[in-house]
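What follows is each chain in one-letter form.
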Amino acid sequence: MKQVSIDPQNLPQELCAGVQELCAHEGFCQSETGVRILAARGQKFCARSDGRTLQVEYTAPCQFFRALSYLKTSACFSIARAPAFEHNGAMIDCSRNAVPTVEAVEGILRKMALMGLDTLMLYTEDTYEIPEYPYFGYLRGRFSPAELRRLDRYALGLGVELVPCIQTLAHLERALHWTQVDPDLRDTNDILMVGEEKTYELIDRMFGALHGCFTTKRIHIGMDEAFLLGHGNFRFKNKIVPPHELMARHLSRVCEIARRYGMQPMIWSDMYLRAASPSGLYYDVPETIPPAILDAAPPDVPLVYWDYSHNEYDDYARLIRAHRQFRSEILFAGGLWTWVGPAPCYSKMRTASASALRACEDYGIRSVFATAWGDNGGETSPLAALYGMQLYAEYDYAADISQAWLAERFAACTGENPDAFAALDAFNTVEGIQARKTPPYPANSAKFLLYQDPLVPLFAADTAHLTLSRHYDALCEFYAGISSDTPCFEAMYRFYEQLARLLAVKCRWHEQAPAGTPQTAKALAALAVRCAQEARACKTAWETLWMSTNKPYGFEVLDLRMSALAGRFETAARQMEKLARGEENSLETLFCPKLRCLSDDEGKFNICVSWSDCVSACNV
């Protein structure tokens, strides 16, 4: 990492802690011979360096830290452009098995500061402590109050607002599934019982557990995707009530609790828009939202419009106009596409984000953030979110998200090789595997190719015409040449090298095994043994990466998946040995005719985000 010597001169107190941390970890050092740093709060953001002195005027501390990052690439520069947004940041999923360590979040915060981002949300469904509810987050790696207070202080020193993000209606399946949890709390398996006083006692404890841990008064209280709201135990105890009416009742009670704790809630917007939709979906809302639904949303609760999938500017513009009919402040949440398997889909992230951010700027949205979800096991490291976060920052400050500019800025803000990050997209972007246009989801090749069973290959017909092993051979060779002095990034590169190696040899198996004969079975048995070995090596590399950034809880799921894959290849090797000996063929599942499972008649692929959908046609 490039070292930059700086000589801070009477910096405002609010900057001193952040400068100290950047000097300790991010390639800066204090020296009387370094670049002289002068900074003051003002009415705008501007910075100018002549190689000897850097002068910065900032309206928020994160802008000062961004100005520092330019010293990594140029001694002389001038910045005068105002940011496009008032608030810009990210949300990290801490609820899908992977809960990042305090140290990992601190590292992300430092890089966010250099990018100029000012908001970080921690998405915690049940991964924080509520003393009165011991099963809430039990064995899930939940944050302690001390950890949250430490992160809040650390973020504050870097000019980043740490915002709690919880769930107060749906998405609570892990919290509610314990038999020891009071059944009166459940409407459905993941939705709280609206109107039940025990529900509001729990929510009161949620706020009580968090309000002393954060400096901010803002809190995201979720309330999204409550698809069966009022249709579980509620309807048996009461009657069928329109979801937007239940939302209004429940939100009123939750906001009352929030006010007692001096906190300002925001919520996801989708349940209101679904109520207006003729199909109950989120994005096909009419031009005019019915007044009853508009009135159900309180004007003092900001609505967060989330949209990760659309590619076209006009789609975002239309939906922003729909949101503008509400009296509430509107925020926007885009997606970093980290939730589709072991590698992110950056090309999808780039296309969707470019259109979304332009629409947000044009329509006056003042606050945006990028979500890094970890659906189905937290398979992608939170470190991978940094590349997309850089894109959000560069659109905001420079109106430039070109590959070259993004690479320069990423190297400056993270100290890592931008090509190593950009190449992660190649795990999913494979020649011959094209995504369908509707719905506008990417094809996540790395996941379905990784987990496809060797003896029950669900996607054999989808990929029969493709030779994919060479693609991953090249990717393995590329990552073998990448390294880092920072242990967590080094672990990340070694994992992706091994993942590519495993995918290459596994694709070779799927290319050759369906045509196996007694004459070729011996060689196929050896290939299966090799696949099992590479699967175990990949599991070990994955464990090293996981432990470098996450708490140990949750890795057992990936351990089981990869152990199962290795075990199935061991079974495949035994079956091929039997075939080679001329014994009764028990490979019917491999040799029988196959149907398309993931692609349409044109050969265009759908997304496959669930491990269980990759491994068997049976119920797993």
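Just above, that's the structure.
What this report covers is the structure whose coordinates are included nearby. (Residues numbered from 1 in each chain as written. Predicted model: local features only at pLDDT ≥ 70, side-chain atom pairs only at ≥ 80, totals over all residues. Heavy atoms only, no water.)

## Quick look at the overall build of the protein chain
For step 1, the next point in the chain: Per the secondary structure count, the protein chain includes 23 helices and 16 strands.
For step 2, the next point in the chain: Taken over C-alpha atoms, the radius of gyration comes to 26 Å for the protein chain, in line with the 25 Å a tight globule of 620 residues would show.
For step 3, the next point in the chain: Seen along its three principal axes, the alpha-carbon backbone of the protein chain occupies a region of about 80 × 70 × 45 Å.
For step 4, the next point in the chain: A buried classification covers 58% of the 620 residues belonging to the protein chain.
For step 5, the next point in the chain: When the accessible surface of the protein chain is summed, it comes to about 24,000 Å², and 51% of that surface belongs to carbon and sulfur atoms.
For step 6, the next point in the chain: Charge separation in the protein chain, taken as the distance between the mean sites of 61 positive and 75 negative side-chain charges, equals 1 Å. (Helix = DSSP H or I, 4+ residues; strand = E, 2+ residues; numbered from the N terminus. Rg over C-alpha atoms; globule rule 2.2 N^0.38 Å. Buried < 20%, exposed > 50% of the residue type's maximum accessible area, 1.4 Å probe, protein only. Areas by Shrake-Rupley, 256 points an atom, 1.4 Å probe, with all protein chains shown as cover. Lys, Arg positive; Asp, Glu negative; His and termini not counted. Charge placed at Lys NZ, Arg CZ, Asp CG, Glu CD.)

## A closer look at the sheet that holds strand β6 (residues 76-79)
Think of a sheet as strands paired side by side through backbone hydrogen bonds, with each pair either parallel or antiparallel.
For step 1, the next point in the chain: Taken in spatial order, the six strands of this open sheet run β2-β1-β3-β5-β4-β6, and their pairing is mixed. The open sheet has two free edges, formed respectively by β2 (28-30) and β6, since each of these has just one partner strand. Between one strand axis and the next, the sheet turns through 25° on average, direction left out of account.
For step 2, the next point in the chain: Running at roughly 115° to β2, helix α1 (residues 13-25) makes contact with β1 (4-8), β2, β3 (35-41) and β5 (53-58) of the sheet. (Pairing = 2+ DSSP bridges. Axes fitted to C-alpha atoms, helices over the stretch in contact; angles between N-to-C directions. Contact = heavy atoms within 4.5 Å.)

## Quick notes on the packing of aromatic side chains
For step 1, the next point in the chain: Across all of its chains, the model carries 39 aromatic pairs by this definition.
For step 2, the next point in the chain: Between F207 and Y261, the ring centres sit 6.3 Å apart and the planes meet at 15°, which makes this aromatic pair stacked. Of this pair, F207 sits in helix α6 (residues 197-210) while Y261 sits in the loop between α8 (243-260) and β11 (264-268); the two residues are 54 residues apart in sequence, bridging distant segments of the chain.
For step 3, the next point in the chain: The structure contains a cluster of three or more aromatic residues connected by ring pairs, namely Y282, Y283, W306, Y308, W337, W339 and Y441. (Phe/Tyr/Trp six-rings, centres within 6.5 Å; stacked < 30°, edge-to-face > 60°.)

## So, helix α2 (residues 61-69)
Given 3.6 residues per helical turn, the α-helix brings residues three or four places apart onto the same face.
For step 1, the next point in the chain: Counting buried residues along α2, nine of its nine residues qualify, which places the element largely inside the surrounding structure.
For step 2, the next point in the chain: The complete set of buried residues in α2 reads P61, C62, Q63, F64, F65, R66, A67, L68 and S69.

## Re helix α4 (residues 145-157)
For step 1, the next point in the chain: In this model, α4 (13 residues) spans 19 Å end to end at C-alpha, consistent with the 18 Å of a helix rising 1.5 Å per residue.
For step 2, the next point in the chain: Among the residues making up α4, those that are buried are L148, L151, D152, Y154, A155 and G157.
For step 3, the next point in the chain: If you follow the buried residues of α4, they end up packed against α1, α2, α3 (102-115), β8 (119-123), β9 (161-165) and α6.
For step 4, the next point in the chain: Two residues or fewer past α4, G159 is found with a positive phi of approximately 75°. (Expected span 1.5 Å × (residues − 1).)

## Some thoughts on the pattern of salt bridges
For step 1, the next point in the chain: Here the structure, examined in full by the defined rule, presents 37 salt bridges.
For step 2, the next point in the chain: D600 is the partner of R436 in a salt bridge, and the nearest nitrogen-oxygen pair spans 3.8 Å. In this pair, R436 is assigned in the loop between β15 (434-435) and α16 (445-451) and D600 in the loop between α22 (588-591) and β16 (604-605), connecting sequence segments 164 residues apart.
For step 3, the next point in the chain: Members of the salt-bridge network, linked through shared partners, are D93, R96, E125 and D375. (Salt bridge = Lys/Arg side-chain N within 4 Å of Asp/Glu carboxyl O.)

## Considerations on the packing of helix α19 (residues 487-512) against helix α21 (residues 555-580)
For step 1, the next point in the chain: The interhelical angle for the contact between α19 and α21, taken along N-to-C directions, is 35°, at an axis separation of 13 Å. Where α19 crosses over α21, the handedness of that crossing is left-handed. Between α19, through L502, K506 and W509, and α21, the contact on the second element is made entirely by M562, L565, F569, A572 and M576.
For step 2, the next point in the chain: Looking at the contact of α19 with α21, its residues break down into seven nonpolar, no polar and one charged. (Left-handed = near helix turned anticlockwise from the far one by under 90°. Nonpolar A, V, L, I, M, F, W, Y, C, P; charged D, E, K, R; others polar.)

## With respect to the pairing of β5
For step 1, the next point in the chain: Alignment of β3 against β5, held across six bridges, turns out to be parallel. If you follow A40 over to β5, its bridge partner there is E57.
For step 2, the next point in the chain: Pairing between strand β4 (residues 46-50) and β5: four bridges, direction antiparallel. Each bridged residue has a counterpart across the sheet, and for C46 the counterpart in β5 is E57.

## Quick word on the pairing of strand β14 (residues 367-372)
For step 1, the next point in the chain: With six of six residues buried, β14 lies mostly within the body of the structure.
For step 2, the next point in the chain: Neither face of β14 is exposed, since S367, F369 and T371 on one face and V368, A370 and A372 on the opposite face are all buried.
For step 3, the next point in the chain: Sheet analysis places strand β7 (residues 87-93) next to β14, joined by six bridges and oriented parallel. Note on β14: the bridge partner recorded for I92 is A372.
For step 4, the next point in the chain: Two strands pair when backbone bridges link them, and strand β13 (residues 330-335) and β14 are joined in this way by four bridges, in the parallel orientation.

## Some words on the environment of L524
For step 1, the next point in the chain: Tracing the backbone through its elements, the reader meets L524 in helix α20 (residues 521-549).
For step 2, the next point in the chain: With relative accessibility at 4%, the residue L524 sits in the buried group.
For step 3, the next point in the chain: Along the primary structure L524 and Y305 are separated by 219 residues, whereas in three dimensions their C-alpha atoms are 51 Å apart.
For step 4, the next point in the chain: The residues contacting L524, other than those within four sequence positions of it, are W509, Q512, A513, G516 and M576.

## Structural notes on the state of the cysteines
For step 1, the next point in the chain: Inspection of the entire model under this criterion finds zero disulfides.
For step 2, the next point in the chain: With no disulfide of its own, C345 lies closest to C608 among cysteine sulfurs, the gap being 12 Å.
For step 3, the next point in the chain: For C476, which is in no disulfide, the shortest distance to another cysteine sulfur is to C538 and amounts to 11 Å. (Disulfide = S-S within 2.5 Å.)

## Looking at the side chain of E394
For step 1, the next point in the chain: Positionally, E394 belongs in helix α13 (residues 385-398).
For step 2, the next point in the chain: You can call E394 buried: its relative accessible area is 0%.
For step 3, the next point in the chain: Within polar-contact distance, the side chain of E394 engages the side chain of R409 at 3.5 Å.
For step 4, the next point in the chain: Sequence-distant contacts of E394, that is, excluding residues within four places in its chain, are made with R66, A399, D400, I401, W405, L406 and R409. (Polar contact = N/O pair within 3.5 Å; in protein donor to acceptor, adjacent residues only side chain to side chain.)

## Structural notes on the environment of H231
For step 1, the next point in the chain: Mapped onto the elements, H231 comes out in the loop between β10 (218-220) and α7 (233-237).
For step 2, the next point in the chain: Residue H231 is classed as partly exposed on the basis of its relative accessible area, which comes to 35%.
For step 3, the next point in the chain: For the pair H231 and I191, spaced 40 residues apart in the sequence, the C-alpha separation amounts to 10.0 Å.
For step 4, the next point in the chain: Contact partners of H231, with chain neighbours within four places excluded, come to D187 and I240.
For step 5, the next point in the chain: A distance of 3.0 Å separates a polar atom in the side chain of H231 from the backbone oxygen of L229.

## Here we look at the nonpolar core
For step 1, the next point in the chain: F64, F427 and W509 are the most contacted members of the largest nonpolar core, which totals 231 residues.
For step 2, the next point in the chain: Considering every element that reaches this core, the biggest residue donor is α19, with 15 residues. (Core = buried A, V, L, I, M, F, W, Y, C linked by side-chain atoms within 4.5 Å.)

## Looking at the packing of helix α18 (residues 469-480) against α19
For step 1, the next point in the chain: Packing of α18 against α19 brings their axes to within 8 Å, and their N-to-C directions diverge by 160°. As summarised for this structure, α18 and α19 are arranged roughly antiparallel, according to the angle between their axes. Relative to α19, α18 is oriented so that their crossing is left-handed. Between α18 and α19, the residues in contact are S469, Y472, D473, L475, C476, Y479 and A480 and Y493, R494, Y496, E497, A500, R501, L503, A504, C507, R508 and E511, respectively.
For step 2, the next point in the chain: Looking at the contact of α18 with α19 residue by residue, the classes come out as eleven nonpolar, one polar and six charged. (Parallel < 35°, antiparallel > 145°, perpendicular 65-115°, else oblique.)

Any functional reading would require information beyond the geometric quantities listed.
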